[in-house]
Amino acid sequence: MSEASAPAAGWVCPFCALACDHLQVQIGSGDEPLALRGGDCVRARRGLQDFGSHGAELTATINGHGATLDEAIAAAAQHLSASRQPLFAGLGTDVAGARALYPLACACGAVCDGAGGDAAMHTLRALQDRGQFTTTLAEVRTRADVIVFVGSVPTDMAPLLLERCGVGDPAVATRHLVALHPRDGDVAPLAARAGGGVSVESIAPDGDLFTTLAWLDAALARPAGSAAPAMLCALAERLRAARYAVFIGAPAHLPAHGALIVEAVHRVIARLNVGTRAAALWLDGGNGAATANQVFSWLSGLPLRSRAGPHGLEHEPLAYGSSRLLDGAAVDLLLWASSFDASALPPPCALPLIVLGHPAQAVACTRRDAVFIPVATPGIGVDGHVFRTDGTVLMPLRAVRPDALPSVAEVAQRLLHTVRGMAM
Amino acid sequence: MSSLLLRGARIVDPANTGSASPRDLGVRDGRIVEPVAGEPWDQVIEASGCIAMAGGIDLHTHIGGGKVNLARMLMAEDHRNAANPPPLPTNPLELPSCGCCAPGTLATGYRYVEMGYTAAFEPAMVASNARHAHMEMGDVPVLDHGAYVMLGNDELFLQWLAEGGPDARNFDQLRDYVAWTLHASKAMGVKVVNPGGISAFKYNQRKLDVDEAHVRWQVTPRQVVHTLARALRELGVPHPLHIHGSNLGVAGNIESTLQTITALEGLPAHLTHVQFHSYGTEGPKKFSSAAQRLVEAVNANPQISIDVGQVMFGQTVTASGDTMRQHVQSALGSPRKWVGADIECTAGCGVVPFRYREQSYVNALQWAIGLEIFLLVRNPWQVVLTTDHPNGGPFTSYPHLIRLLMDRSFRDEQLEKLHPEVAANCALRSIARELTLDEIAVMTRAAPARLLGLRDRGHLGAGAVADIALYRDAPNREAMFATPAVVLKDGAVVARDGRITATPVGGTFFVEPDYDRAIEKTLRRHWSQHGSIGFDTVPIGRDELCRCCNGGRLLPAACFASAG
């Protein structure tokens, strides 16, 4: 191992929706990848492994052949100009990238959808229809005495979720954790946290999660004489007695029609809030799509799955899903942005493809009609901002080392300039 | 740099000379200058028949940050025309952006500028959401902006207040914490919302009167208000404490409002959206106007300023930090849905859609109370024109509101459409006052500039920033104020006849009062034990602020010499 410099201070991890700022990055002096210091997290470790200690000197490709950035921009702009209905998807970027992609999408009339869009729509549609009551990590850490994990304990998506929720933290003397319809393998890691004021139970009555939440709501509505299964009556009693009950779930782990589950959780919370206090915390998939949703919402008024189309600003939370559009041949170009996660590759399709991608995605984007432009990753090669999963804290990402690659924002701005020039 | 002459406009500039006969107004390098005879000008705008005022300044409008974006996501129906999508802009300078009561930031900027406004202040920035709020404001084109950070419901402040006891033994610590928060969040002022009540709701307390103890910390709203107002005074922050009082929307809340004024013990403060805090309990419906009592207090306390939060009829959405009250109000929401949140041991938010109806007794009375306040306060310099956008109605209704205030016959016509018991009995019916152009100019630009300590804004004197709105003098004041002939921002034409002609990025106002840095050691420990991010991640530096605000100019506002 070559000599390494001291870990960069003030690093914010960009690899999951928790955006932790207590870990550090070790930069090697040789060819070794970036390494995690100051604690462990499997996602942060894996994320860093995809980056060398020195910025990649990677060139863009057009149809698999090396090209300069100028050539790649020109080729991509050509594709965009020729497209009658482009799809901008993935949207794995930061605030600056989303700010720059929005005018480009408007100029092209593109439909915009983030990676994991179906899951994002579970919470968005529930919000649009009925609203929500949510909480944030500091509230959970310091006050939640009952935490109900709905459908999964999503430490696969956010490995430090339990730590960030204060499980085992002295801020709350006794904390009860409930896994409601957990997946296989969810309970053991949770059970390992028991002791020292933390108690754990798993509840999986007959029937599915929809049914369970309906029963739970019924048990809360009629404390005496509910026909709900006994274990749910007991849970209802525990929730009523809690000072602050928090429901945590990952929409990505919910089944089809997960919006109904999100809505059912919110209904339970609303009922609890009549007499005590409760709130929800939904874990998004990270990688920037939730940030793009926030930015597009504030710029235009409309969240993702929208477009500036010939009839006006249109929002279609179901019809504008990426896979539906691709499967139905309703779009004729895919622009895919993914600057954080090397494994978030564009969905397979035969359409002209523009990828503003993680350098490690180069090899997967060499087909005909594909333009690949490697971009810097916020929090690794460039500064930036991403939203934490609770949607209220916008975390500043700091570059750990310089990078010659352009940011998504720079590429999108250049594309817009070129596309506008072609239209004139 | 460029120069420009506005020729022959009638200057309405109450901060300087008041209304005067037509004269010329020079602009050089973005500032107003006295024109000298024979001087050459790059551009001359013939403005005879026009009225020139400083650009409008909205000192209380929810334009950016977490709850505003939640309001956008909640109000999907605000972003379509029935079943049709809102049309794309025909102006190539505008990017698509839609919404009336929950507009996108781009639409917010365009619509404000088209009305002659050149600055707007977000009044409810959550400290933990400050980067987001600055990002959104940076994406409001043209307008200069700033924000008030919310304090008085954060657990640390309440804990320290409790530890200091009734004599506030640790006041210096609290004051330094206020200063540090202003620095860290790059705020222009401090707002307190339902003092202590947002936190109390987290501990399941459902009501908090001014002298009632917070169930967890055993401190009262009276202590919170007084301590914050004193801290800002001692720090020399130009905008005094911005107060959203206790018991918003509750019949009889005038008592809380008057108690809040007494809690200040003569310290300056700004009471915001007072219309929502001026309710009595008289009459058959136990809901009545207490505008007269509020006005008497304002007239008797020249150190107090207010903005009204006028209710306008139609659909809107209320976006507030007051989780405790919004939870109750959610039962009255229309459409029936709402968003609430407990935020980072520092704040909360509640977003409830509302439709104010002329035939609703309560809504009609709210409308009348707001107008009564506008028309009864003696000194217009104590009053700022707001609808608490979007809570009383969207800011685009300002021209209509101005006509209501300037035109009694128009006002009486509207009154006739209301719930008959309100129309027949309200005091508004007998108020003959019609506000003058000078008074409107005070309430929409001169007073807000003065209350924010912005010496080179809100007026047209030599040296002032050339933010200017040129209105065509017309008897229909609604039409006149809806579509100025020309709007200048920093001396450049940004709108003509209601059409945007340039979209520069606005600047960001903030204050950086002095404080004893020793407090950071204590704060660091607190963040480690109670926070969800590291202490070093909290503050926004100037370079980062510039990136958040889209590269707009940083406009640090001077603090005055400490009065402490």
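Residue numbers run consecutively from 1 along every chain, following the written order of its sequence. For this description, chains carry letters from A and ligands carry numbers from 1, given in the order in which they are written. Only residues with pLDDT of 70 or above have their local features reported here, since the model is predicted, and side-chain atom pairs are shown and tallied only from 80 upward, although totals for entire chains, interfaces and linings are computed over all residues.

Q: How would you summarise the overall build of chain B if you had to cite specific residues and measurements?
A: Helix and strand assignments follow DSSP, with helices taken as H or I runs no shorter than four residues and strands as E runs no shorter than two, numbered in order from the N terminus. Scanning chain B from N- to C-terminus turns up 18 helices and 24 strands. Expressed as lengths along the three principal axes of its C-alpha atoms, the size of chain B is roughly 65 × 55 × 50 Å. Three exposure classes are used, all based on how many other C-beta atoms lie within 10 Å of a residue's own C-beta (placed from the backbone): buried at 20 or more, exposed at 12 or fewer, and partly exposed between those limits. Here chain B holds 564 residues, and 60% of them are scored as buried. Residue pairs are scored as contacts if the distance between their C-beta atoms, which are placed from the backbone, is within 7 Å. Considering only intrachain contacts with a sequence separation of at least 6, the fraction spanning at least 24 residues in chain B is 77%.

Q: How would you summarise the domain arrangement of chain A if you had to cite specific residues and measurements?
A: Residue and element names in this part refer to chain A. With domains assigned, chain A is organised as domain 1 (60–116 + 287–378 + 403–423) and domain 2 (121–282). Domain delimitation in this document rests on an assignment produced automatically or drawn from a domain database. Computed from C-alpha atoms alone, the centre-to-centre distance between domain 1 and domain 2 is 36 Å. Taken together, the 4 residues of domain 1 in the interface contact 4 residues of domain 2. In this count, Pro and Cys sit with the nonpolar residues alongside Ala, Val, Leu, Ile, Met, Phe, Trp and Tyr, while Asp, Glu, Lys and Arg are called charged and the others, Gly among them, polar. Here the residues of the side of domain 1 that touches domain 2 are counted per class, giving 2 nonpolar, 1 polar and 1 charged.

Q: Summarise unusual backbone geometry; cite the residues concerned and give the values.
A: Residues Ser334(B) and Pro335(B) are joined by a peptide bond in cis, for which omega reads -5°. Structurally, Pro335(B) can be placed in the loop between helix H10 (323–329) and strand S16 (338–343). Within the chain, His257(A) stands out as a residue other than glycine whose phi angle is a positive 65°. Turning to its location among the elements, His257(A) is positioned in the loop between strand S11 (245–249) and helix H10 (258–275). Take His257(A): there are 12 C-beta atoms within 10 Å of it, and that puts it in the exposed class. Backbone geometry at Glu344(B) places phi at a positive 50°, although glycine is not the residue there. Look at Glu344(B) and you get buried, because 27 C-beta atoms sit within 10 Å.

Q: Please set out the pairing of strand S19 (residues 468–472) of chain B residue by residue, giving values where relevant.
A: Residues and elements named next belong to chain B. Burial runs high along S19: 4 of the 5 residues are buried. The sheet contact formed by strand S5 (residues 50–54) and S19 spans 5 bridges and is antiparallel. Counterpart to Ala54 in the pairing with S19 is Ile468. At least two DSSP bridges between two strands are required for those strands to pair.

Q: Which residues make up helix H9 (residues 291–300) of chain B, and what values go with them?
A: All names here are of chain B. Of all the residues in H9, the buried ones are Ala291, Leu294, Val295 and Val298. Here the buried residues of H9 occupy an arc of 95° about the axis, which is enough to place them on one side. Its buried side turned inward, H9 meets helix H8 (254–263), strand S13 (288–289), strand S14 (304–307) and helix H11 (361–376). Relevant arc is that of directions from the helix axis to the C-beta atoms, nothing else.

Q: Can you tell me about the interface of chain B and chain A, naming the residues and giving the values?
A: Each side of the interface is counted separately: chain B has 51 residues, and chain A has 50 residues. At the level of elements, helix H1 (66–74), helix H2 (105–114), helix H3 (130–138) and S16 of chain B are the ones that each hand at least two residues to the side of chain B that touches chain A. By residue number, the principal contributor to the side of chain B that touches chain A is S16(B), which donates 6 residues. Looking at the side of chain B that touches chain A residue by residue, the class counts come to 22 nonpolar, 19 polar and 10 charged. Examined bridge by bridge, strand S7 (residues 131–134) of chain A and S16(B) share 4 bridges and lie parallel to one another. Looking across to S16(B), one finds that Gln132(A) is bridged to Val339(B).

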